[in-house]
Amino acid sequence: MAGGVGNDQWRLAEVSGLERDRALLGRSSTAERVADILRDRITEGYFPPGARLSEESIGGALGVSRNTLREAFRLLTHERLLVHELNRGVFVRVVTVEDLDDIYRVRTLVECAAVRGLGEGPYDARTTESIAAIEAAVRAGEAASDDREWQDLSTANIRFHQGIVALAGSPRTDELMRGVLAELRLVFHVMADPRRFHAPYLTRNRQIVEALQAGDPAEAEQLLLSYLEDSRSQLSGAYAQRIAEG
């Protein structure tokens, strides 16, 4: 299916937008930092599944060498975000229904454990700050919904779940889930009606953060578990249908 969504037709604006990210590289430019930028762009929904990534365009936008960019591509291929096709180039990966189910298995294990590990409140300053970041993601999602900015709504939802993971206070877990949630974002691109999919979960996001703010992690975990089960079931069915339709 790679190349089936327009390939090189993805917007030039996304490449020009990468030029603003060049400052993030500084003098200590590395393939890992280039991969971080591209992973964030995938998480934000700028690179759709099946899009061919041009070495010349992206390397020029970021001001990095071809070798550095190829190493970044290799890292993201290892994370299952990109795929290399011989004599064709590098493409954003199209995930399978089986991938989707596995993503949700990982999410349930990690996100529910992060909430369960809090214990009852009151919480320390780090946890309180993390909960505030989750609440900010909820508000961003609500604002995006009001403005009918569905890509921003999807991004806010990803940020919400990144915030849930951050409750664990584990940089390694954060790193693991950045890739998992970026891979999940590739699924969102094929949803026929992103508003219909994401909007109902805004209320559930709000309920989860309110339980956290009230110092009730048991309630928050139960709400989150139900949320993830319903989301997986709904998304898996819709995604399988869209894939079957091509």
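Before any of the text, the structure's been laid out above.
Read on for an overview of the structure.

What counts, and where the lines are drawn
Residues numbered from 1 in each chain as written. Predicted model: local features only at pLDDT ≥ 70, side-chain atom pairs only at ≥ 80, totals over all residues. Heavy atoms only, no water. Salt bridge = Lys/Arg side-chain N within 4 Å of Asp/Glu carboxyl O. Buried < 20%, exposed > 50% of the residue type's maximum accessible area, 1.4 Å probe, protein only. Helix = DSSP H or I, 4+ residues; strand = E, 2+ residues; numbered from the N terminus. Phe/Tyr/Trp six-rings, centres within 6.5 Å; stacked < 30°, edge-to-face > 60°. Lys NZ or Arg CZ within 6 Å of the ring centre and 35° of its normal. Expected span 1.5 Å × (residues − 1). Core = buried A, V, L, I, M, F, W, Y, C linked by side-chain atoms within 4.5 Å. Contact = heavy atoms within 4.5 Å. 1 Å grid on protein atoms, 1.4 Å probe; cavity = no way out; pocket = protein on both sides within 12 Å on 5 of 7 lines; lining within 4 Å. Points joined across faces, edges and corners; volume = space filled by probe spheres on them. Nonpolar A, V, L, I, M, F, W, Y, C, P; charged D, E, K, R; others polar. Axes fitted to C-alpha atoms, helices over the stretch in contact; angles between N-to-C directions. Parallel < 35°, antiparallel > 145°, perpendicular 65-115°, else oblique. Left-handed = near helix turned anticlockwise from the far one by under 90°.

Before going further, it helps to spend a moment on the pattern of salt bridges. For the structure on display, the rule yields 18 salt bridges. In this structure, Asp-99 engages Arg-93 in a salt bridge whose closest nitrogen and oxygen atoms are separated by 2.6 Å. Like Arg-93, Asp-99 is buried. Its salt-bridge partner being Glu-142, residue Arg-206 comes within 3.0 Å of it at the nearest N-O pair. Taken as a pair, Arg-206 in helix α9 (residues 194-213) and Glu-142 in helix α6 (residues 125-146) lie far apart in primary sequence, 64 residues in all.

The full count for this structure, using the stated rule, is 1 aromatic pair. One cation-aromatic arrangement involves Arg-41 over Tyr-46; the distance from NZ or CZ to the ring centre is 4.7 Å. Cation over ring: Arg-107 sits above Tyr-104, and NZ or CZ is 4.9 Å from the ring centre.

Attention shifts here to helix α5 (residues 97-116). Spacing of three or four residues puts side chains on the same side of an α-helix, whose turn is 3.6 residues. Here α5 contains 20 residues, and its C-alpha end-to-end distance of 28 Å stays within 8% of the 28 Å for a straight helix at 1.5 Å per residue. Where α5 is concerned, the buried positions are Asp-99, Leu-100, Ile-103, Tyr-104, Arg-107, Val-110, Glu-111, Cys-112, Ala-114 and Val-115.

Looking now at the nonpolar core. Counting residues in hydrophobic clusters, the biggest one holds 61 residues, and the most contacted among them are Leu-38, Ile-164, Leu-167, Leu-184 and Leu-212. The element contributing the most residues to this core is helix α8 (residues 171-188), with 8 residues. Residues within four places of Leu-212 in sequence aside, it is in contact with Val-115, Leu-118, Tyr-123, Ile-131, Ile-134, Ile-164, Leu-167 and Ala-220.

Approximately 260 Å³ is the volume attributed to the largest pocket. Elements represented by at least two residues in the lining of the largest pocket include exactly α2 (31-43), α4 (66-78) and α8. Residues belonging to the lining of the largest pocket are distributed by class as follows: 3 nonpolar, 2 polar and 7 charged. Approximately 220 Å³ is the volume found for the second largest pocket. Contributions of two or more residues to the lining of the second largest pocket are made by α5 and α8. Residue classes in the lining of the second largest pocket are distributed as 4 nonpolar, 2 polar and 5 charged.

As a further point, take the packing of α2 against α8. Where α2 contacts α8, the two axes come as close as 8 Å, and the packing angle between them is 45°. Accordingly, the angle class assigned to the pair α2 and α8 is oblique. For the pair α2 and α8, the sense of crossing is left-handed. Between α2 and α8, the residues in contact are Arg-39, Ile-42 and Thr-43 and Arg-178, Gly-179, Ala-182, Arg-185 and Leu-186, respectively. Along the lines of polarity and charge, the residues of the contact of α2 with α8 split into 3 nonpolar, 2 polar and 3 charged.

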